[in-house]
Structures are given as C-alpha cells and as structure tokens.
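Spelled out, the chains give:
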Amino acid sequence: MVSAASNSLMFAAPKHVGEPHGAYGSFTYAATDGELLSAPGIVWLVPPHKRLAHSDFWSGSEGWRIVENGAVQRGLPGGGVAHEAYADGLLDRYITGTDADTSGVLGGGHADPTQWYFQAPAPFLGRHTIAFGGHITFSVSVPEGLLTTDNFREVTHGEVAATPLVLLSCATCTANSGITLGYFLAPAASEEQEVENSLLHLAEGPTSFRVPLRPSAWFQRPKSSLLEWHPVTECDFVEVLSGITELRILGDLTLGRESVSIDDVAIVAGEGQVSLACAHKYY
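Predicted model, so just to flag it, every value in this text is computed and none were measured. (Residues numbered from 1 in each chain as written. Predicted model: local features only at pLDDT ≥ 70, side-chain atom pairs only at ≥ 80, totals over all residues. Heavy atoms only, no water.)

## Describing the overall build of the protein chain
Next up, step 1: What the protein chain contains, in helices and strands, is five helices and 15 strands.
Next up, step 2: Here the protein chain, with 283 residues, has 45% of them falling under the buried criterion.
Next up, step 3: Here the contacts in the protein chain between residues at least 6 apart in sequence split such that 71% fall between residues at least 24 apart.
Next up, step 4: On the protein chain, roughly 14900 Å² of surface is accessible, and the fraction owed to carbon and sulfur atoms is 54%. (Helix = DSSP H or I, 4+ residues; strand = E, 2+ residues; numbered from the N terminus. Buried < 20%, exposed > 50% of the residue type's maximum accessible area, 1.4 Å probe, protein only. Contact = heavy atoms within 4.5 Å. Areas by Shrake-Rupley, 256 points an atom, 1.4 Å probe, with all protein chains shown as cover.)

This is the structure in structure tokens:
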C-alpha cells in the first residue's frame, strides 16, 4: 500500500549489475480513494535499450526450438537446433536449423512439402503489450542453399501459397478461439525499388530484419484454409501482444534444402499510441 503524500514509487536498477538482455520486469497496480477501486494498470521496467526479450545465443540455444521439420528432427533436442559458437559476419554465436523434409524435391516435386520455423522460448511469450509500435529484430544467414530469385519461398502477401516470415499467435484470444497473425514481406513496386526487408539480400551475406509491430504491417490467418489472410484490427493486434503464446521465425526460406541461421532476436518496446478503447480493454 502506497499512501505517502507524493503517491509515488521509484524504481532503482540494481547496483553493480549490468543491464538485463530484456526488461527488468513489470508490475500491476490499482488506485483507490478508500471507496472506489480503479481498473488495474501495468508498468514495464525497461532499460534504455528498450528490449523486452532478447536472445543473443552467447552460451547456447536459450530454449529455442525448430518445429514442423519432419518426424526425425522432432525427436532430437530442440527439434534439431544447433548452437554455433563462432562468428559469421553479423552473426556472432547463433543457432542453425537444416531442412530435414525435402521428399518433394527428392521425389521429383517442385518444392519441399513443409515449412519449418524457429520457435521462441518463454521470455518472448506472455504479456508484451508495450511492444505496440515497436518491432521485432533478428539477423539471418543461409550457409547452405540455392539463393536465387526463383528458389526463394514466396513470402509476399497475396501470392498463391505465400508463407509468413514471422508468426505471432495468441491461443486464448477472442474467448479462447485464438488469433494467429502473419508478417509477410512487402513487394517492391518495381525491380529498382529497394525494400527494407528482402530475402534477396541474403544472397549477399548475413542480413538483419526489422519487423514493425503495428497492425497495418500484419495480416490475420482466417479460420478456413480456403480464405485469404485478412487485415488485422488494432484491438485484435493489441490483444495478441497482451497474451503471446507462440512466436515463430521462418527458417524454410527456399524451395529446396537449406541450412539457415538466426541471431540477436529481440522484441523492442514502442512508443505508439493505442486508441482508448483498445487500451482500456487489453492494457
């Protein structure tokens, strides 16, 4: 109970301890005049770097897993994720996954049948509402694979069989019916136009990606596979950030066999303003 005349609390970072990779933590509170009690509020304690969660893989895979990569890989620790304890350009100690299900290619098909992902551990899940208006960042390298325009998997929204580069899911959203959001890469208006996030940059070497956490950059997966991914509302987006149950980053970037590495994955807090209706409902 805080009842001092200033009605205030001050947080002081622990002395002689370096900044955490993510947030210091968070707490909830309510205010009262002795009779009425306010709706609960929440405060996040974030260092100047503004990261809410961060994996630099300095000492291991940090709980990251590889999923949807075939039965054999599924039985391996972390789904077959490998920790690489050396540097490769932008990447310095990182994790790698290798495509294990290329039966479509080996059997004469045009593409491997599955799309495998890197799946984030617990620090990236839960309540990250303050990330609204911020971004997800990560670095990617492809040490093995054919990096040509016609061999990259389609990750542009609106294209047939397009695959999201990043997936965010909330299993408890919309009365436990769940919401899954996908971030697709934006198409260039012309061949000469440079886009911020492009798989083509990977042919030149390790590449950093910056995924904005705002509703206009994401699409919502429909309940029926016969329908297209559709725009997401601001309130649905805030609801997902308030209860993330799954964060995945695409590793299966090509239509053939590849090895893909990722490093420096972070959720970074934003300063975007949420509408009063959505803030009251989910903050």
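So that's the structure; there's more coming.
## Remarks on the side chain of E84
Next up, step 1: Within the secondary structure, E84 sits in strand β5 (residues 82-88).
Next up, step 2: A distance of 3.3 Å separates polar atoms of two side chains, one belonging to E84 and the other to T96.
Next up, step 3: In contact with E84, not counting residues within four places along its chain, are R93, Y94 and T96. (Polar contact = N/O pair within 3.5 Å; in protein donor to acceptor, adjacent residues only side chain to side chain.)

## Some remarks on the pairing of strand β15 (residues 259-268)
Next up, step 1: Counting buried positions along β15 yields nine of 10 residues, so the element is predominantly enclosed.
Next up, step 2: Note that strand β3 (residues 51-55) and β15 share four bridges and pair antiparallel. Of the residues in β15, the one forming a bridge with H54 is A266.
Next up, step 3: When strand β6 (residues 91-98) meets β15, the two strands line up antiparallel, connected through four bridges. Paired with T96 across the bridge in β15 is S261.
Next up, step 4: Examined bridge by bridge, strand β8 (residues 135-144) and β15 share seven bridges and lie antiparallel to one another. Bridge pairing in β15 places V140 opposite I262. (Pairing = 2+ DSSP bridges.)

## Considering the state of the cysteines
Next up, step 1: What the rule picks out here adds up to two disulfides.
Next up, step 2: Here C170 engages in a disulfide with C173; their sulfurs sit 2.1 Å apart. What sets the handedness of the C170 and C173 disulfide is the S-S torsion sign, and at about 95° it is right-handed. Residues C170 and C173 agree in their burial class; the two are buried.
Next up, step 3: With its sulfur 2.0 Å from that of its partner, C235 forms a disulfide with C278. In this structure the cystine formed by C235 and C278 twists about its S-S bond by roughly -90°; its chirality is therefore left-handed. With a gap of 43 residues between them, C235 in helix α4 (residues 234-241) and C278 in helix α5 (residues 276-282) connect regions that are remote in the sequence.
Next up, step 4: Among the residues examined, C235 registers a relative accessible area of 23% and is labelled partly exposed.
Next up, step 5: Judged by its relative accessible area of 2%, C278 is buried.
Next up, step 6: Look at the protein chain and number its bonded cysteines as they come in the sequence; the links are 1-2, 3-4. (Disulfide = S-S within 2.5 Å.)

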